[in-house]
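# Descriptive analysis of the structure
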Amino acid sequence: MTEEDKADRIALKSLFDKRRVNKETKAGFFYFEDQDLMIAQGQETYVVVARDIAVGYPLFMHGELDFSKFVDALALVTELKGKHIDTIWDIGANIGSICIPAVKRGFVKRAVAFEPEKKLFKILRANTILNEVDDRITCHNTALGESLGSVDLMIGEGNTGDYRIAGIVFDDDAMGEASRQTKTVQIQPLDNFVENFEASSTLIFMDIQGYEGLALKGARQILSTSPPLVVEFWPYAMKRLNTYQLLCDILCSGYYSKFADLSDESRSFNAVTAEAIDTLYKKLGEGSASFTDLLFV
């Protein structure tokens, strides 16, 4: 080995040592390599999309993303209902940051994951294999809605967490929707999978950027069993898809009696009423940064 080679190795080791101990250097490293994919490693190992600030970056920096929401929801369901959850249906699974640790850490035995975007779906499958849970997580490359067909998926540049079904673009164009590219993806009703749904032991975890109302419209059979349900509640996205009233009507149609705001430290349950959900909508407002996650039981 030449002296130049030794110097290169020392420099490379120094870079990785800094990455481990210095937050600024570690953050910078996420953008340093001119490549499409990188590895994020914590309790789980993930292939992530480089320069993805919403999903890849927190996984790279911290090894987790929003997993505490799932843990909190599971604990609340167990406490309130006294029922054991064996399976999570992860709708809008992205690259697996909820379903993979849920299975690998033993919170549930199995998972069913839905991800419509083809590249993210491939990474999701790869991540299940990397974490040795591919035999316990079934992955479906489809969006979920009220009927069978195809829809346009709007791509958020640098933010795979904001891939969402294309909707209305308003004059304020607050998140640059007018300039986003779209991809055509397949869509089908969740009830198409009802034969594999274990009603007594499944938690549905749904984060699909304002499309929740239309996805639940295609899940009447499954909802008739009143499975514990977590939905993202983002007025900004619902306004652009005109889905809020549909979501409210479905949630208030008798499937559920109580709901809790997972962003509320008290984790207290409220009665499911249109008035209560309207009040939360108005409290959050329609700004792009105002959202929460709700658990219905």
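The structure this text deals with has already been given above.
Remember, predicted model here, so these are calculated numbers, not experimental data. (Residues numbered from 1 in each chain as written. Predicted model: local features only at pLDDT ≥ 70, side-chain atom pairs only at ≥ 80, totals over all residues. Heavy atoms only, no water.)

## A look at the pattern of salt bridges
Enumeration according to the criterion identifies 15 salt bridges in this entry. One salt bridge connects glutamate 146 with lysine 217, and the closest N-O pair in it is separated by 3.2 Å. Of the two residues, glutamate 146 is situated in the loop between β6 (143–144) and β7 (149–154) and lysine 217 in helix α7 (residues 212–217); the sequence distance between them amounts to 71 residues. Accessibility expressed as a relative area gives 41% for glutamate 146, which makes it partly exposed. A relative accessible area of 35% means that lysine 217 is categorised as partly exposed. In this structure, aspartate 162 engages arginine 164 in a salt bridge whose closest nitrogen and oxygen atoms are separated by 2.6 Å. Considered together, aspartate 162 and arginine 164 belong to a single accessibility category, that of buried residues. Members of the salt-bridge network, linked through shared partners, are Asp162, Arg164, Glu177, Arg180 and Arg240. (Salt bridge = Lys/Arg side-chain N within 4 Å of Asp/Glu carboxyl O. Helix = DSSP H or I, 4+ residues; strand = E, 2+ residues; numbered from the N terminus. Buried < 20%, exposed > 50% of the residue type's maximum accessible area, 1.4 Å probe, protein only.)

## Looking at the sheet that holds β7
Sheet architecture is open: four strands sit in the order β6-β9-β7-β8, paired in mixed fashion. Where the open sheet ends on each side, the last strands, each with one partner, are β6 and β8 (164–165). Note that β7 and β8 share two bridges and pair antiparallel. Note on β8: the bridge partner recorded for methionine 154 is arginine 164. (Pairing = 2+ DSSP bridges.)

## Re the nonpolar core
Ranked by size, the top nonpolar core spans 90 residues in total, and within it Phe70, Phe233 and Phe296 carry the most contacts. Looking at this core, the element that brings in the most residues is helix α4 (residues 67–81), giving six residues. Sequence-distant contacts of phenylalanine 233, defined by excluding residues within four places in its chain, comprise Met238, Tyr244, Leu247, Ile277, Leu280, Tyr281, Leu284, Phe291, Thr292 and Leu294. (Core = buried A, V, L, I, M, F, W, Y, C linked by side-chain atoms within 4.5 Å. Contact = heavy atoms within 4.5 Å.)

## Observations regarding the layout of surface pockets
Its volume calculated, the largest pocket comes out at about 740 Å³. Looking at the largest pocket, it is lined by 39 residues, and the ones nearest its centre are Gly161, Asp162, Asp207, Gln209 and Glu232. Elements with a contribution of two residues or more to the lining of the largest pocket: β3 (87–91), β6 and β8. Partitioned by chemical class, the residues of the lining of the largest pocket number 21 nonpolar, nine polar and nine charged. Roughly 370 Å³ of internal volume is contained in the second largest pocket. Around the second largest pocket sit 19 residues that line it, and Ile155, Gly156, Glu157, Gly158 and Tyr163 are the ones nearest its centre. Looking at the lining of the second largest pocket residue by residue, the classes come out as five nonpolar, six polar and eight charged. (1 Å grid on protein atoms, 1.4 Å probe; cavity = no way out; pocket = protein on both sides within 12 Å on 5 of 7 lines; lining within 4 Å. Points joined across faces, edges and corners; volume = space filled by probe spheres on them. Nonpolar A, V, L, I, M, F, W, Y, C, P; charged D, E, K, R; others polar.)

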